[in-house]
Structure formats: structure tokens, C-alpha cells
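Descriptive structure summary
Listed below are the residues making up each chain.
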Amino acid sequence: MKISNIKLHNWKSFKDLDISINDLMIIIGQNNHGKSNLLSSLLFFFDGIKIKEDDYFKGTEELFVEIEFKELTNEEQTTFSKYVTEACEMKVRKTVKMSGNPTYNGYTKRYSEENAWLEDDEFKKLLRNIDFENSPLSKLKKMISSEFEGNSKTKQVEELKSLREEYIRSHGIEKNYVLEESNFLGKANIAQGLLGDVYYLPALKDTSDELNLKASSMFGKLYNEILLSDVNQNYSQAVRNLQDAISVLNQRNASVEKEEDLDEISKLENDLSNQLKDWGTEVKIQFKTPDVPEVMKSYIEILFDDGVETDISHKGNGLQRTFYLSLIKLLAERSSKEVSENETSTRQASKSKYFLFEEPELFLHPQAQKQLFDDLVSLSEGNQVFVTTHSNNLIDLEKYKSICIVRKTDSGESEVSKCDEELFQQENDRDKWKYLNWINAERSELFFADKVILVEGDTEAVSIPSIAKKLGVYKHSFTIINCGSKDNIPLYMKLLNKFKIPYVAIYDVDHQEGKSIEAIAVSDRSTRAIRECLDESLGSTISMENDFEDVLGYRPSGNSKPLAALEWINNNQIPVILENKINEIYVN
């Protein structure tokens with residue numbers, strides 16, 4: 001099964017959050033804005049991390065994390081049948097109060113409070129003492145047969161059960177899924193071991209810890225799954241050989257008549273038994289087969305040879321980080337096998353896996369980060385992956401539905417911006433968006449910007465920041481995006497509107513002297529498209545009459561127009577009209 005939705009209440013910096021979840025979730029935002037808090041909510045739900053006082057939002061005393069699951073397997077539907085909807089979904093809440101222990105509760109199908117008497121358990125109570133005057137059974141009184149009073153108690157109960165069903169049908173009464181009051185599956189914290197496994201990589205991690213062979217470590221899990229597997233013939237044979245050797249040591253030859261012919265162990269047994277003869281006690285020495293897995297752990301050494309053979313602690317941070325990620329990938333691949341056909345239990349733990357990574361790009365160079373992103377995408381196929389990052393190399397604009405921006409408001413509350421709908425309804429727009437990203441993957445850095453500057457082409461993309469630096473108003477937190485043409489600007493505006501990222505769209509009016517009526521009409525249509533996309537609460541537009549070069553006062557020619565424009569800017573006074581526009585972009 002997979003997570004389809006997460007709801008948080010009073011969790012750390014989140015007062016209330018309701019967010020849809022994709023197979024791959026890329027969580028971005030400034031430091032201390034709540035990215036890690038979103039990940040930790042999953043750790044609390046699945047792994048049961050201990051709650052501290054500051055985990056409650058601003059002095060509140062009760063919090064919950066509620067998760068909705070979808071695509072339950074047949075085994076999971078059997079295990080959680082009480083909670084599964086017709087759409088094969090399930091919702092579970094984990095709640096904790098300041099003064100108590102966490103509890104899991106699921107949503108079950110129930111009648112409304114007004115019709116609660118129709119529930120099986122409540123109706124059975126009413127049937128114990130049939131009373132048509134002082135109980136909800138009065139609603140069935142007019143429906144009973146004339147023979148009811150003369151019938152036996154058994155027949156009366158059967159008739160009332162039938163009338164209950166008729167009453168439900170005739171009144172159109174339906175059940176709704178409501179939060180149960182009892183524990184999930186009837187036992188406290190049983191959900192923690194049944195809802196799937198979480199694999200967590202914090203921002204800073206001592207990789208050597210994960211090479212420890214304890215059961216909870218990554219390598220420990222691989223060790224137990226691979227080396228100790230029944231299908232590992234070499235290991236199984238080694239265990240049998242050891243068992244046979246121990247058996248030989250335990251053998252005693254009862255037919256030996258002379259003591260000098262006894263083996264040394266038997267002699268020792270006899271000597272000890274003679275010492276205890278007065279107690280009527282014999283001593284027997286038996287060799288037990290050792291716990292082979294535990295014995296072998298003491299003699300395993302893991303070395304890394306990159307020209308110099310050492311343990312992982314003596315390797316670079318980049319290799320350590322990559323190795324840890326490789327452990328997780330390998331474990332995911334190996335543990336994705338189907339449940340054994342021999343398992344017959346009706347309550348099986350979910351085989352779902354959830355991978356949580358905090359800044360996995362740390363210590364990796366840009367090309368390695370891009371490879372990492374491809375690996376994360378692959379890992380999300382069949383699993384769910386949650387990643388916090390500060391790297392635009394882990395962002396793909398085509399996968400905008402996976403991007404989640406966390407921001408902290410002035411009140412200190414975290415909120416999330418995410419786009420779940422199709423931004424581009426027209427196939428032509430979707431294709432254009434794809435090609436734009438192929439041409440310049442660096443556009444993904446717009447998600448990290450305080451403000452995005454959208455321009456038509458190369459000349460504006462290099463000239464505007466250069467002029468801003470010359471005027472002393474340039475800001476590194478602003479990102480300039482070369483949209484490729486005036487017609488592409490609305491595509492980016494739609495994206496920025498959905499993610500609530502401030503922006504300014506700069507475009508040419510293109511009413512140059514000598515331009516045909518048809519060409520001006522085409523330009524006007526492009527202008528209208530930009531204005532229609534504008535969300536004034538987030539963005540603004542700045543127009544250039546007639547184009548950027550006219551306002552600059554210089555029209556470079558040839559194939560190196562951006563370079564020529566830069567040289568002109570460095571050696572000439574910036575026109576006042578353009579200076580005002582640059583100030584409007586960066587200052588206002």
C-alpha cells in the first residue's frame with residue numbers, strides 16, 4: 001500500500017496541514033522552515049520516536065498525525081479489513097496527549113450518532129430486553145407483524161433483525177467512515193509493526209554505525225536477509241557441518257570396559273560423578289551448538305579498496321554517503337520479493353517501504369547529485385521516497401507534482417505549497433515545457449528563489465543582472481529565468497502561481513515602427529496571455545517599449561548579442577528609464 005494523504009495537527013511547526021502525497025516527494029524550503037518536521041511526522045507515525053514537549057505546536061497539549069493509504073494489496077485488505085473502504089483505501093490516526101501514551105485509531109464504517117442503535121453491537125443490546133416504549137425499537141413498532149406478541153423470543157428477534165434491514169433500506173440510511181474510539185485492530189500500538197517499514201537517512205550520519213551488525217542497522221538487515229537466508233546453500237551447509245562436529249563431541253561409547261580407553265571428556269565426567277556419588281548425582285558434559293549468526297558477526301570485517309584498503313571511516317564523506325545510499329537501494333531491491341506462499345497468517349505486516357532522506361546530496365559533486373536523483377526516481381517505482389534538499393539537481397520541473405515547498409509564516413507556523421493539478425491542458429504546452437527543461441535544466445533553481453525574474457531571451461538574461469550589479473541593487477536570492485520566448489512566459493507564471501513564488505515577468509511590447517498589423521496583433525495576443533496569467537498577489541509585469549534593446553539605447557548585431565550588450569553596459573551610462581525599471585525589479 002502507499003500513502004495518499006498526510007494530515008497533521010499541532011505537530012511541531014505545523015498547526016494544521018492536509019497534503020496529498022506522491023510516490024516521490026521533493027521537499028524544499030529555507031532552513032528552519034519545517035522541512036524536517038514533515039519528515040519527522042512519518043518517523044513518529046511509523047517508528048514511534050519519543051515525543052518531547054516542544055513537539056507540540058506552541059503550547060498545545062494534544063497532537064496527531066493521520067495518514068491515508070491507498071492501493072492495498074490482497075494481504076493488506078485481509079489484515080485491515082475492518083478499515084478498508086470500497087475504493088481500497090484506509091485511514092489511520094496516531095494521537096498523543098502531553099500526559100499520556102500514543103494511540104492508534106482507524107476510520108471504520110459506522111452509522112451516524114442518531115442511527116447508532118442500528119449498529120450490530122448496539123442492536124444486540126436492544127434485543128436482550130425488547131422495549132418498544134423506552135428505546136429506539138419504538139421506530140420499528142409500526143412495522144411488526146400481528147403475530148409478533150404471540151411468537152417465541154427467538155422468532156421475535158429474527159423478525160426485528162429483518163425489520164432493521166427494511167428500516168435501513170426504506171430510510172436510505174448509509175454508513176460513513178468515522179474515527180473509532182477503540183485501539184486500532186483492538187490492541188495498543190499494534191499498528192506500529194504492521195503498516196510498513198521506514199528507512200531513514202538523516203542529514204549527518206556516521207556511516208560506520210550502519211556497518212554494525214546489530215539488527216536495526218542497514219548492513220545488519222542485509223546480513224540477516226542474505227547470509228542467514230535458507231536459500232544460501234553455503235551458509236546452510238556450514239551450519240550443518242558445525243552441528244555434525246558438535247554431535248561427534250557429544251558422542252559417548254558405552255561399550256568401553258577399561259577406563260583408560262575412555263576419551264578425556266568421559267573421564268572428566270566420571271571423575272566429577274565420583275565426587276558427587278554420595279549425592280546420588282551424575283555429571284554429564286554436553287556441547288551445545290552455538291548461535292552461528294552471532295558468532296560470525298564477531299569475525300566479519302568490511303573493507304573498502306579504492307587503491308588503499310581501509311574501513312569506511314577512513315574514506316571520504318562523498319564515498320561514505322554514496323555507500324549508505326547504496327545500502328538502502330540494495331535493501332529495497334532485495335526486500336521487494338513477494339510474500340512467501342507458505343505464510344498463512346491472516347494478519348500479516350505490510351510489505352510497504354517508505355524511504356526518508358534528509359539532504360542526501362551532501363558531500364556529492366553536481367554530477368553525482370544528478371545521478372542520485374535518477375536513483376531516487378528509480379527507488380520511488382514501487383516504493384515511496386521523501387527527500388528534503390537544498391540542491392536544484394534534485395529538482396525536475398517535469399515532476400512538478402512531486403515538489404513541495406515548506407515556508408514559515410510571520411506567525412511562526414509552517415505551511416506547504418504543492419501543485420496536484422495539470423498545469424498544461426494543451427498537449428502543445430506540455431511538449432513545449434518538456435523541451436524547455438531539456439534545453440536548460442538549471443531553471444529548476446526557481447523553486448529556491450525569493451523572487452523569480454522571467455525574461456524572453458539571452459540578452460535580457462545576462463543584461464538585467466549586470467545592470468543591477470552596476471546600480472548596486474543585485475540580489476543573489478533572486479533568480480532570472482530565460483523563458484526562451486515571450487510566448488513561454490505564461491507557462492512559468494502558471495507554475496509560480498501554484499507554488500506561491502513571487503515573480504516579475506518582463507516582456508517586449510513589440511510595436512516597433514514598420515511592423516505589420518498582423519505581427520503587432522500576434523504580439524498583442526502574447527501580451528494578453530501574460531496579463532491573464534498574472535496573480536497580482538504574487539507577481540507583477542514590466543513591459544519594454546518597444547523591446548529591451550530600444551530601452552537600453554543600444555542594438556547589438558551579429559551572433560554574440562548578449563556579449564555585445566554586456567560590453568556596452570560596462571562602458572556606458574544606463575538610461576534613466578531602464579534604471580527605474582531595474583530598481584522596480586530588485587528594490588520595489
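Further up the page is the structure itself.
Predicted model only: the values in this text are computed from it and were never measured. (Residues numbered from 1 in each chain as written. Predicted model: local features only at pLDDT ≥ 70, side-chain atom pairs only at ≥ 80, totals over all residues. Heavy atoms only, no water.)

Some words on the pairing of strand β16 (residues 478–482)
For β16, a buried count of four out of five residues is recorded, marking the element as mostly surrounded by other parts of the structure. Note: strand β15 (residues 451–455) against β16, five bridges, orientation parallel. Bridged to isoleucine 453 within β16 is isoleucine 480. Between β15 and its parallel partner β16, the chain crosses via helix α13 (residues 458–471), and the hand of that crossover is right-handed. (Buried < 20%, exposed > 50% of the residue type's maximum accessible area, 1.4 Å probe, protein only. Helix = DSSP H or I, 4+ residues; strand = E, 2+ residues; numbered from the N terminus. Pairing = 2+ DSSP bridges. Right-handed = clockwise from strand over helix to strand, strands pointing away.)

Description of helix α11 (residues 366–379)
Since the α-helix packs 3.6 residues into each turn, any two residues three or four apart lie on the same face. Counted at 1.5 Å a residue, the expected span for α11 with its 14 residues is 20 Å, and the 20 Å between its end C-alpha atoms agrees. Those residues of α11 lying buried are Gln369, Leu372, Phe373, Leu376, Val377 and Leu379. Seen from one end, α11 has its buried residues packed into an arc of 160°, which puts them on one side. (Expected span 1.5 Å × (residues − 1). Arc of directions from axis to C-beta.)

So, the nonpolar core
Ranked by internal contacts, the top residues of the largest apolar core, which has 49 residues, are Phe357, Leu446, Phe447, Val452, Leu454 and Phe499. Sorting elements by how many residues they give to this core places helix α14 (residues 489–498) first, with six residues. Once residues lying within four places of it in the same chain are set aside, the contact partners of phenylalanine 499 are Tyr400, Ile403, Ile405, Arg407, Ser417, Lys418, Cys419 and Phe447. If you look at the next biggest cluster of nonpolar residues, it comprises 44 residues, including Ile6, Leu39, Phe46 and Ile67. (Core = buried A, V, L, I, M, F, W, Y, C linked by side-chain atoms within 4.5 Å. Contact = heavy atoms within 4.5 Å.)

As for the sheet that holds strand β17 (residues 503–508)
As summarised here, the arrangement of the four strands in space is β16-β15-β17-β18, forming an open sheet in which the pairing is parallel. If you trace the sheet from one side to the other, it starts and ends with β16 and β18 (539–544), each paired once. The sheet shows a mean angle of 20° between the axes of neighbouring strands, direction not considered. Where helix α15 (residues 517–533) meets the sheet, it contacts β17 and β18, and its direction lies at approximately 170° from that of β17. On the sheet, helix α18 (residues 576–586) packs against β15, β16, β17 and β18 and is oriented at approximately 165° with respect to β18. (Axes fitted to C-alpha atoms, helices over the stretch in contact; angles between N-to-C directions.)

Some details on the packing of aromatic side chains
Scanning the entire structure with this criterion turns up 17 aromatic pairs. Residues phenylalanine 447 and phenylalanine 499 carry aromatic rings whose centres are separated by 5.2 Å and whose planes lie at 90° to one another, so their mutual orientation is edge-to-face. In this pair, phenylalanine 447 is assigned in the loop between α12 (427–439) and β15 and phenylalanine 499 in the loop between α14 and β17, connecting sequence segments 52 residues apart. A single burial state applies to phenylalanine 447 and to phenylalanine 499, both of which are buried. Seen in terms of ring centroids, tyrosine 554 and tryptophan 568 are 5.6 Å apart; in terms of plane orientation they differ by 10°. Their pairing is stacked. With a gap of 14 residues between them, tyrosine 554 in the loop between α16 (548–552) and α17 (561–571) and tryptophan 568 in helix α17 connect regions that are remote in the sequence. Residue tyrosine 554 is classed as partly exposed on the basis of its relative accessible area, which comes to 26%. A residue is classified by how much of its surface remains accessible, and tryptophan 568, at 17% relative accessible area, is buried. An aromatic cluster is present here, built from Phe45, Phe46, Phe69, Tyr104 and Tyr354 joined pairwise through their rings. (Phe/Tyr/Trp six-rings, centres within 6.5 Å; stacked < 30°, edge-to-face > 60°.)

Here we look at the packing of helix α3 (residues 120–128) against helix α4 (residues 153–170)
Contact pair α3 / α4: the axes reach a minimum separation of 11 Å and the direction vectors enclose 145°. Remark: the crossing between α3 and α4 carries right-handed chirality. Each of Asp120, Phe123, Leu127 and Arg128 in α3 lies in contact with α4, whose residues at this interface are Lys153, Val157, Leu160, Lys161 and Arg164. Class assignment for the residues of the contact of α3 with α4 results in four nonpolar, no polar and five charged. (Left-handed = near helix turned anticlockwise from the far one by under 90°. Nonpolar A, V, L, I, M, F, W, Y, C, P; charged D, E, K, R; others polar.)

Examining a negative patch on the surface
A contiguous patch of negative charge, built from Glu301, Asp305, Glu309 and Asp311, is present on the exposed surface. Secondary-structure assignment places glutamate 301 in the loop between α9 (292–297) and β9 (304–305). (Patch = residues over 30% accessible without salt bridge, like charges linked within 9 Å, V, L, I, M, F, W, Y side chains within 5 Å. Areas by Shrake-Rupley, 256 points an atom, 1.4 Å probe, with all protein chains shown as cover. Salt bridge = Lys/Arg side-chain N within 4 Å of Asp/Glu carboxyl O. Lys, Arg positive; Asp, Glu negative; His and termini not counted. Charge placed at Lys NZ, Arg CZ, Asp CG, Glu CD.)

Some remarks on the sheet that holds strand β13 (residues 403–408)
Read across the open sheet, the six strands follow the order β8-β11-β12-β3-β13-β14; overall the sheet is mixed. In the strand order of this sheet, the two ends are held by β8 (197–201) and β14 (414–418), each with one partner. When strand polarity is set aside, the average angle formed by the axes of neighbouring strands in this sheet is 20°. When β8 meets strand β11 (residues 353–358), the two strands line up parallel, connected through five bridges. Looking across to β11, one finds that aspartate 197 is bridged to lysine 353. The strands touched by helix α1 (residues 35–47) within the sheet are β3 (24–28), β8, β11, β12 (384–388) and β13, with β11 carrying the most contacts at an inclination of about 145°.

Looking at empty space enclosed by the protein
All chains considered together, the criterion is met by two cavities of 30 Å³ or more. Roughly 40 Å³ of volume is contained in the largest cavity. As for the largest cavity, its lining consists of Leu325, Lys329, Phe357, Leu372, Asp375, Leu376 and Leu379. Looking at the lining of the largest cavity, the elements with two or more residues in it are α10 (317–334) and α11. (1 Å grid on protein atoms, 1.4 Å probe; cavity = no way out; pocket = protein on both sides within 12 Å on 5 of 7 lines; lining within 4 Å. Points joined across faces, edges and corners; volume = space filled by probe spheres on them.)

Thoughts on the environment of aspartate 54
Relative to the elements of secondary structure, aspartate 54 occurs in the loop between α1 and β4 (62–70). On the basis of relative accessible area, aspartate 54 is assigned to the exposed category, the value being 56%. The sequence separation of aspartate 54 and lysine 12 amounts to 42 residues, and the corresponding C-alpha distance is 6.9 Å.

A closer look at the side chain of arginine 443
Structurally, the position occupied by arginine 443 is in the loop between α12 and β15. Nearest to the buried, unbridged arginine 443 among oppositely charged side chains is aspartate 458, at 7.1 Å. A distance of 2.9 Å separates the side chain of arginine 443 from the side chain of tyrosine 492, its partner in a polar contact. (Polar contact = N/O pair within 3.5 Å; in protein donor to acceptor, adjacent residues only side chain to side chain.)

Describing the pattern of salt bridges
Applying the stated criterion across every chain, the model contains 21 salt bridges. Across the pair glutamate 66 and arginine 93 runs a salt bridge whose closest N-O atoms are separated by 2.7 Å. Residue glutamate 66 is found in strand β4, and its partner arginine 93 is found in strand β5 (residues 90–97); the two are separated by 27 residues along the sequence. Accessibility assignment for this pair places glutamate 66 and arginine 93 in one class, buried. For aspartate 550, the salt bridge goes to arginine 555, with nearest N and O atoms at 2.6 Å. Judged by relative accessible area, which is 36%, aspartate 550 ranks as partly exposed. Overall, the relative accessible area of 48% leaves arginine 555 in the partly exposed class. Within this structure, Lys7, Glu66 and Arg93 form a network of salt bridges that share partners.

Topic: unusual backbone geometry
The residue after glutamate 545, namely asparagine 546, is reached through a cis peptide bond having omega -15°. In this structure, asparagine 546 sits in the loop between β18 and α16. Residue lysine 12 is not a glycine yet carries a positive backbone phi of 50°. With phi around 40°, lysine 58 is a residue other than glycine that occupies positive phi space. Within the secondary structure, lysine 58 sits in the loop between α1 and β4.

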